[in-house]
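# What the coordinates show
Residue strings, one per chain:
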Amino acid sequence: MSDYNFAYLDEQTKRMIRRAILKGVAVPGYQVPFASREMPMPYGWGTGGVQVTAACLMPSDRLKVIDQGADDTTNAVSIRRFFQRTADVAVTSHTHEATLIQTRHRIPEAPLREGQILVYQVPIPEPLRFLEPRETETRRMHALEDYGLMHVKLYEDIARNGTIATSYAYPVMVAGRYVMDPSPIPKFDNPKLSGSPALQLFGAGREQRIYAVPPYTGVVSLDFEDHPFEASKAPHACDLCGDDGSYLDEVITDDRGGRMFVCSDTDHCDCRQKAGHRGRLAMPETVQ
Amino acid sequence: MTPQTPLLSVRGITRNYGARIGCADVSFDLWPGEVMGIVGESGSGKSTLLSCIAGHLTPDTGSLIYDTRADGPRDVLAMPEPERRMLGRTDWAFVHQNPRDGLRMGVSAGGNVGERLMAVGARHYGDIRAQATDWLERVEIDAGRIDDRPRQFSGGMQQRLQIARNLVTAPRLIFMDEPTGGLDVSVQARLLDLLRGLVRQMGLSAVIVTHDLAVVRLLADRIMVMKDGRVVEAGLTDQVLDDPQHAYTQLLVSSVLQV
Ligand SMILES: Nc1ncnc2c1ncn2[C@@H]1O[C@H](COP(=O)(O)OP(=O)(O)O)[C@@H](O)[C@H]1O
Ligand SMILES: [Mg+2]
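Described in the following lines is the structure provided in the data block. (Residues numbered from 1 in each chain as written. Chains lettered and ligands numbered in written order. Predicted model: local features only at pLDDT ≥ 70, side-chain atom pairs only at ≥ 80, totals over all residues. Heavy atoms only, no water.)

## Comments concerning the overall build of chain B
Within chain B one finds 10 helices and 10 strands. Radius of gyration (C-alpha) of chain B: 18 Å, near the 18 Å computed for a compact globule of 259 residues. Projected onto its principal axes, the C-alpha positions of chain B cover 55 × 45 × 45 Å. Looking at chain B as a whole, 53% of its 259 residues qualify as buried. Pairs at least 24 apart in sequence give 66% of the contacts found in chain B among residues at least 6 apart. If you average the places of the 28 positive and of the 31 negative side-chain charges in chain B, the two averages end up 5 Å apart. (Helix = DSSP H or I, 4+ residues; strand = E, 2+ residues; numbered from the N terminus. Rg over C-alpha atoms; globule rule 2.2 N^0.38 Å. Buried < 20%, exposed > 50% of the residue type's maximum accessible area, 1.4 Å probe, protein only. Contact = heavy atoms within 4.5 Å. Lys, Arg positive; Asp, Glu negative; His and termini not counted. Charge placed at Lys NZ, Arg CZ, Asp CG, Glu CD.)

## Some thoughts on the pairing of strand S9 (residues 209-213) of chain A
Looking along a regular strand, one sees side chains alternate from face to face of the sheet. Residues and elements named next belong to chain A. Most of S9 is tucked away, with five of its five residues classed as buried. Neither face of S9 is left uncovered, since the one carrying Arg209, Tyr211 and Val213 and the one carrying Ile210 and Ala212 both have all their residues buried. Sheet topology note: the strand S1 (residues 32-33)/S9 ladder contains two bridges and is antiparallel. From the neighbouring strand, Val32 faces S9, where its bridge partner is Ile210. Following strand S8 (residues 199-204), the chain reverses through four residues before pairing antiparallel with S9; Gln208 in that reversal takes a positive phi of roughly 55°. (Pairing = 2+ DSSP bridges.)

## Focus on the sheet that holds strand S3 (residues 90-91) of chain A
Spatially, seven strands are ordered S1-S9-S8-S5-S4-S2-S3 (chain A) in an open sheet, and the strand pairing comes out mixed. Only two strands of the sheet have a single partner each, and these edge strands are S1 and S3 of chain A.

## Topic: the site of ligand 1
All names here are of chain B. The immediate surroundings of ligand 1 are formed by Tyr17, Arg20, Ile21, Gly22, Glu41, Ser42, Gly43, Ser44, Gly45, Lys46, Ser47 and Thr48. The separation between an oxygen atom of ligand 1 and a polar main-chain atom of Gly43 is 2.7 Å. Contact between ligand 1 and Thr48: an oxygen atom at 2.5 Å from a side-chain N or O atom of the residue. Protein chains shield 61% of the accessible area of ligand 1, which is 550 Å² for the free molecule. For the shell around ligand 1, the elements supplying multiple residues, two or more each, are strand S2 (20-30) and helix H1 (46-54). Residues belonging to the shell around ligand 1 are distributed by class as follows: two nonpolar, seven polar and three charged. (Near = heavy atom within 4 Å. Polar contact = N/O pair within 3.5 Å; in protein donor to acceptor, adjacent residues only side chain to side chain. Areas by Shrake-Rupley, 256 points an atom, 1.4 Å probe, with all protein chains shown as cover. Nonpolar A, V, L, I, M, F, W, Y, C, P; charged D, E, K, R; others polar.)

## Looking at the sheet that holds S2 of chain B
For sheets, the rule is that strands pair by backbone hydrogen bonds, running either parallel or antiparallel. Residue and element names in this part refer to chain B. The strand order S2-S1-S4-S5 describes an open sheet built from four strands, whose pairing is antiparallel. Each having just a single partner strand, S2 and strand S5 (72-75) make up the two edges of the open sheet. Between one strand axis and the next, the sheet turns by 20° as a mean value, whatever way the strands run. Each of strand S1 (8-17), S2 and strand S4 (61-68) is contacted by H1, which is oriented at about 125° to S1, the strand it contacts most. (Axes fitted to C-alpha atoms, helices over the stretch in contact; angles between N-to-C directions.)

## Description of the packing of aromatic side chains
Two measures describe an aromatic ring pair: the distance that separates the ring centres and the angle between the ring planes. One pass over the structure, following the stated rule, counts 12 aromatic pairs over all chains. Arranged with centres 5.1 Å apart and planes meeting at 40°, the rings of Tyr155 of chain A and Tyr125 of chain B form a pair that is tilted. Remark: Tyr125 of chain B occurs in helix H5 (residues 125-138) and Tyr155 of chain A occurs in helix H5 (residues 148-161); the pair is interchain, linking two chains. On the basis of relative accessible area, Tyr155 of chain A is assigned to the buried category, the value being 0%. Judged by its relative accessible area of 8%, Tyr125 of chain B is buried. With a centroid separation of 6.1 Å and an interplanar angle of 65°, the aromatic rings of Phe224 of chain A and Tyr125 of chain B are classed as edge-to-face. (Phe/Tyr/Trp six-rings, centres within 6.5 Å; stacked < 30°, edge-to-face > 60°.)

This is the structure we're talking about:
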């Protein structure tokens, strides 16, 4: 195949990205600027994550790519194929087998371990952007730990909805220093950001930012004393595997209001079903 | 019973824009509880001076000594930025002429008032909201408007909201740049009454910039008259306005009387 360098990007570019990653690891939660490259896919497809993955991949890696928890969406499939073609790495859908996982919008249910890298695709890295559009000002706010505005956002949420309605991209404080946007993962996943044995890297392609949460780093979700953070999910069990502790997607099954809840993490759900767990709507013929 | 230390000592503040003079060699003391008016025609350097004092502009030369609560007199210009910023949102207040510059237009009235509280660590929603409600009432805004955005407010209400947002941390010093500038005369009068009441109740010290001599007549204990970036006359408000010494002040006063 080799019209491309290993993992598509040239070594010079990968070195530049690795320097940004190292800086991000050294200053957890800090947004490091980097010179984002054109990738042979549109921005919405996670070019930031793809570049971080390209800079981290080694021939011995085993790659997993998920989109909203699923390994088989168009986005996940094409990114996985991209690295199979350009890096010839092994791939897997099993979280525990993967050495590097690129993700959009979820953290896998299975606990991560030391040595694994989780790469997040980030659309908007700046958590203060919502209320302060000026980049010069948000940078100064980070530099001076001037984060009152973050709570103004949560205040507005409660004033409008009676409760903190933010359910995705819920802002966090990393290592007691930098406020960070964890990318649009559901707030259900926020607790998994904290103290993870895996290295977590975040890449924003269009916005040209990389940031990191090194292994075993404390990550706290912002809240008010009288409106504490809650990692909520739909109050159901998975209709396929019966898990009542995993994050669920609601699926409409017919035009008469029929619906079911299934794990958003397809690998997690498959593994449980293979192990014999059954939910409310699991196929009868496969019941042992 | 005069206090021993001025709240703010301004010494030799100069700020140029290239070859053009913004303000030149301005010095004065502001005593606790005192309101200082700065008057002069458009372009005389009032806003430049106020911005330099309030920390929005860095002066070319000069010093600013502020009597801090914790450590007594400190050189504000030599403070590290985090400390200066903290001062700016706790012990100091700034009311802009244009409410758009002093409010977050996309945030509710309650959020606008609560921001300074949250910036200094308030983390109890109920308490923040109670204080915001209290302050809206103090500036005569119906507490029922707490969740409305400033866009839905009249000019006078926006200005009163800006004042509430600034005073919620109980500052000791408030800077105002033409606070009644864009308002109708009747609305101006109400705002001035409100300001005068708050300044007295809270024992606030203030530096107020205006081209409107009626405003300083009502609010200021002392005034400084500026022309071409320099102070040409200073003194007790009534003395200066009733018996102006400098030809320029005489002109200012007489042009007001002609209106
Ligand atoms: N940003 C700026 N750049 C260049 N010149 C300025 C700027 N701001 C003010 N000036 C000039 O400085 C002088 C004082 O202006 P200013 O402080 O705004 O006066 P005032 O508030 O009394 O109207 C004027 O000559 C004005 O044109
Ligand atoms: Mg001005």
